[in-house]
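Here is how the chains run, residue by residue.
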Amino acid sequence: MLERFEWLDLRPEAGSNKVQSPAGEIASRPIPAAIRDEPPHPVSPALALPTRIDTVPVATGWPQESGQLFRLRHVADSLRVHTGFEHLLCLNACHIEHHPHQQAVALRVLGQMRGRAILADEVGLGKTIEAGLILKELIVRGLAHRVLVLAPAALTWQWLEELEQKFDERFRVVRKQSDWSGSRLIASLDLAKQPRHAALALAQAFDVVIVDEAHKLKSRQTQAHQLVSRLNKRYLLLLTATPVMNDLSELYALVNLLAEGELGTPRTFEATYMDGGDPRAPLNEDDLRKRLAGVMVRNRRDSVGLRLPPRRAGIYHLVFPPDEARLYSELTAFIREELRSHPDQGHLRLTLSVLQRGLTSTPAAVAGTLEALIDDEALEPEICGRLAGYAAMARGIPVGRKMQAVVECLQREPDSQMLVFTEFRRSQVVLADFLRSQGYDVVVFHGSLSAEQRTQAVAEFSRGARVMISTESGQEGLNLQFCHTLLNFDLPWNPMRVEQRIGRLHRLGQIHPVTIINLAFENTIEMALLELLGTKIRLFELVVGELDVILGDWEQRKSFEDWVLDSWASASSDEEWSDTMLSAAERGLLARQRYEGMREAGHRLVAPGGWGRLL
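Figured I'd write up the structure that's included with this text. (Residues numbered from 1 in each chain as written. Predicted model: local features only at pLDDT ≥ 70, side-chain atom pairs only at ≥ 80, totals over all residues. Heavy atoms only, no water.)

1. Considering the pattern of salt bridges
Point 1. Scanning the model with the defined rule gives 26 salt bridges in all.
Point 2. In this structure, the salt-bridge partner of E285 is R289, at a minimum N-O distance of 3.2 Å. In this pair, E285 and R289 both sit in helix α11 (residues 285-292), 4 residues apart, roughly one turn of the helix.
Point 3. A salt bridge links R357 to E423; the nearest nitrogen and oxygen atoms lie 3.0 Å apart. Remark: E423 occurs in the loop between β10 (418-421) and α17 (425-437) and R357 occurs in helix α13 (residues 346-358); sequence separation between them is 66 residues. Judged on exposure class, the residue R357 and its partner E423 are both buried.
Point 4. Through salt bridges that share partners, R357, E423, R497 and E561 make up one connected network. (Salt bridge = Lys/Arg side-chain N within 4 Å of Asp/Glu carboxyl O. Helix = DSSP H or I, 4+ residues; strand = E, 2+ residues; numbered from the N terminus. Buried < 20%, exposed > 50% of the residue type's maximum accessible area, 1.4 Å probe, protein only.)

Here's what the structure looks like:
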C-alpha cells in the first residue's frame, strides 16, 4: 500500500462562519446607538477599583475615611442611581474581546427581559460571554450576590476558569454537600438534582441562576426541570443553541421556566402552534415569534458581521515500516486479548487504552507506557515478560515514521509556523529532539511548565520559532491566532479534544486560512476515526462547539471514547470492526443531519435580521 496525502473535500464556507474580516475589523453592520454612544468611562472612578462593592465596609465618619474608601463609596452611590440599562457599566472590569452583538444581547436581556431569558445564539457566538456580561452587570449594580451556575459535569471547571479569568468572579464547584454553603456556586446538573443536594439547593435563595446546555430541561417530567422550576431565584438565564431538538413542546418547557403561562397551557400551545406533520415547524409562525421575542434571543452567525477565514484539512496516509508494523500487530493482539479477559478492571483498561493510542504515536510513547505497566505488581510474571519484550522492541526504533512525516509536512508548508499536538509527553520529547537535529527552531508547551514558562514558550513561538509542540494541556487557554497551520501528530479518541485543538488557531482574530494536517497510519483505529469524523460528521467544517451538540446523544451510557474502545475490543475480526465503523458512519451522518434540522428549527423562531434588531 502506497502512502499518500489527501485533502478533504470541505465545503467552500467550511469554518468561515464566525470570524473577523481579513483586516481584523468587524464587518460593516452599524453599531447600535446604545453601544456606539456609550461614554468610555461610565463611572470613571471604577476603572481602577474593585467592582464587588457589596462587600465594602461602611465607614463611621467622613473625616476619618481613606481616599480609597471615599472613592469606593462614590462608586457605590453612582451605581445606585443607575436604575436603567442604557449602558453596560461592567465593560471595563471584563477581560474579554468586545463584540457588539454580545453587548446588545446583554442590554436587551437586562433592559427588556428583566434578566430572565433563553440565550439561544448559534454555536460559536459566545453565549457564555453573554451570560457573564449579564451576571457581571448585575453584580456591579449591586443587584446580585448569590449565584448558582448549573452545567454539565464536564463543563463545571471551564465555567470556574472563565468566570474568574474573564470577569474576576470567584466561584466554588460543588462536589460535596457542605459546598452548598457558599454564595457563588457552580454545580453539575446531574449532581444538583440528586435528592440530598437538591434539598440543600432548594433551601437557599439565589439572585441569579444560569443553566448551561439548557435543552437538557426539555421535559417537564424530569428531575432536572423540576429542580430548576422550584429554585428560589430572581434572575434566570437558560443557555442552549438548540431550543428545539425534537418538537416544540421542548421550547414550551423552557419558556415556562422563565414565565409560567406565557405560552398558555400545554394543551392550548399544542393546538395553536404545533403542526402534527413536522413537530419542529410551528403553526402561526409570526405570532409565536412575537411571543418569544420577550423571552428569547438568538443570533445567527451569518447576520452578526463576524466571519472566520476558511479551513482546509488533509490526511497524510502513512504505512508502518516493517519494525513498527510488527510492534503494532503483536501488541495490538495482546491488548485486545487482555481487554476481553479483564473487562471489569478499570485501571488496566485505562492503561491498555493509552497503550493502543501510543502505538500510532511514537515507539518512545509505547516504551514508556509498557515500562509503567510492567511495574504493576498485580500482573502475572509471564505477562510481564511479554511486555518487557515489547518494550525492548519499541526502544529499538529510535525514529518513528510519524517523526519523519512531520519534517515532510514542514517542507510542504515552507513559509508557515506549525503547531503540533500530541497526547504523549514522551512523543513530544523525542519529536522536539529530532526536529532540532534537523535544524528547526522548536518550543514545547506542556502541563509541567510554570505559568512564567508557559508565557515564555508562547512568546518564543510568536517571535518566529518554526514549531511549537504541545501536549493536551495546550488545548485550552492558548490563543495562537498568529499561527495558521495545525498538525495532529496523533489523534485523541475523544473528538471534542480534536475540536479544542482547532480552536487554538481558528478563532476570532485569525486572519489567514487555517490548514489542519492529520497524520494517520492505514488500517488502524486512528484512521477509522478520521474517516468517520472527517467524511461523515465532517468535523473539520464545524464551528467549535457544534460537535458537542452533534455527538450529545451518541451514547447515553458511555463516552464516545469508551464506545470506540469497547466496539474495537469486542470485534471478532478486522472485518467485523470495519462493519461496526460503517454503521457508525451512517449514524454519524444522521446525527449531522439531525443537528442541521435542529439548527434550522431554531432559526424559524426568531425574525430574520442581525443583532441590530435586538435593541
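Still to come is the rest of the account.
2. A few points about the packing of helix α14 (residues 363-374) against α17
Point 1. α17 packs onto α14 with a crossing angle of 140° between their chain directions and a minimal axis gap of 8 Å. In terms of orientation, α14 lies oblique with respect to α17. In the packing of α14 onto α17, the handedness of the crossing is right-handed. Counted together, A364, A365, A367, G368 and E371 of α14 and R426, S427 and V430 of α17 form the full contact between these two elements. (Axes fitted to C-alpha atoms, helices over the stretch in contact; angles between N-to-C directions. Parallel < 35°, antiparallel > 145°, perpendicular 65-115°, else oblique. Left-handed = near helix turned anticlockwise from the far one by under 90°. Contact = heavy atoms within 4.5 Å.)

3. A short note on the nonpolar core
Point 1. With 92 residues, the main nonpolar core has L331, I335, L435, L487, L519 and F540 as its most contacted residues.
Point 2. When sequence neighbours within four positions are dropped, the list of residues in contact with L331 reads L355, L359, V366, L370 and Y390.
Point 3. Counting residues in hydrophobic clusters, the runner-up holds 41 residues, among them C90, L138, Y235 and V297. (Core = buried A, V, L, I, M, F, W, Y, C linked by side-chain atoms within 4.5 Å.)

4. Considerations on the environment of W180
Point 1. Along the chain, W180 falls in the loop between β4 (172-173) and β5 (184-188).
Point 2. By relative accessible area, W180 is classed as buried at 3%.
Point 3. For W180 and Q204, which are 24 residues apart along the polypeptide, the C-alpha to C-alpha distance reads 9.0 Å.
Point 4. The residues contacting W180, other than those within four sequence positions of it, are L148, V174, L185, A187, A192, H197, L200, A201 and Q204.

5. Some points on the sheet that holds strand β1 (residues 4-7)
What links the strands of a sheet is backbone hydrogen bonding, and the strands pair in either a parallel or an antiparallel sense.
Point 1. The strand order across the open sheet formed by 7 strands is β1-β9-β14-β13-β10-β12-β11, and the pairing between neighbours is mixed. Strand pairing shows two members of the sheet lacking a second neighbour, β1 and β11 (442-445), which therefore form its edges. Taken pair by pair, the neighbouring strands of this sheet meet at an average axis angle of 20°, ignoring direction.
Point 2. Pairing analysis gives 4 bridges linking β10 to strand β12 (residues 467-470), with the strands arranged parallel. Residue pairing in the sheet places V420 in a bridge with I469 of β12.
Point 3. Against the sheet, helix α19 (residues 495-503) touches β9 (311-318), β10, β13 (485-488) and β14 (514-521), its axis set at about 155° to β13. (Pairing = 2+ DSSP bridges.)

6. A word on helix α15 (residues 381-395)
Point 1. Across its 15 residues, α15 extends 21 Å between first and last C-alpha, which sits within 8% of the 21 Å expected from 1.5 Å per residue.
Point 2. Regarding α15, the residues found buried are I383, C384, L387, Y390, A391, M393 and A394.
Point 3. In the core, the buried residues of α15 are packed alongside α12 (322-341) and α14. (Expected span 1.5 Å × (residues − 1).)

7. Details of the sheet that holds strand β7 (residues 232-239)
Point 1. The 7 strands are arranged β4-β5-β3-β6-β7-β2-β8 in an open sheet whose pairing can be described as parallel. Bordering the open sheet on either side are β4 and β8 (296-297), each of which pairs with just one other strand.
Point 2. For strand β2 (residues 116-119) and β7, the ladder comprises 4 bridges, and the chain directions are parallel. If you follow L119 over to β7, its bridge partner there is L239.

8. Here's the deal with the packing of aromatic side chains
Point 1. In this structure the tally under the stated criterion is 9 aromatic pairs.
Point 2. Note on F334 and Y390: the rings are 6.0 Å apart at their centroids and 55° apart in plane angle, and the pair reads as tilted. Placement of F334 in helix α12 and of Y390 in helix α15 is noted, with a sequence separation of 56 residues between them. This pair shows no difference in class: F334 is buried, exactly as Y390 is. (Phe/Tyr/Trp six-rings, centres within 6.5 Å; stacked < 30°, edge-to-face > 60°.)

9. Overview of the packing of helix α3 (residues 100-111) against helix α4 (residues 127-140)
Point 1. At a closest axis distance of 9 Å, the pairing of α3 and α4 adopts a crossing angle of 50°. Viewed along their axes, α3 and α4 adopt a mutual orientation that is oblique. Relative to α4, the crossing made by α3 is right-handed. Taken together, the residues of α4 that come into contact with α3 (itself represented by H101, Q102, Q103, V105, A106, V109 and L110) are I129, E130, L133, I134, E137 and L138.
Point 2. Among the residues forming the contact of α3 with α4, the class breakdown is 8 nonpolar, 3 polar and 2 charged. (Nonpolar A, V, L, I, M, F, W, Y, C, P; charged D, E, K, R; others polar.)

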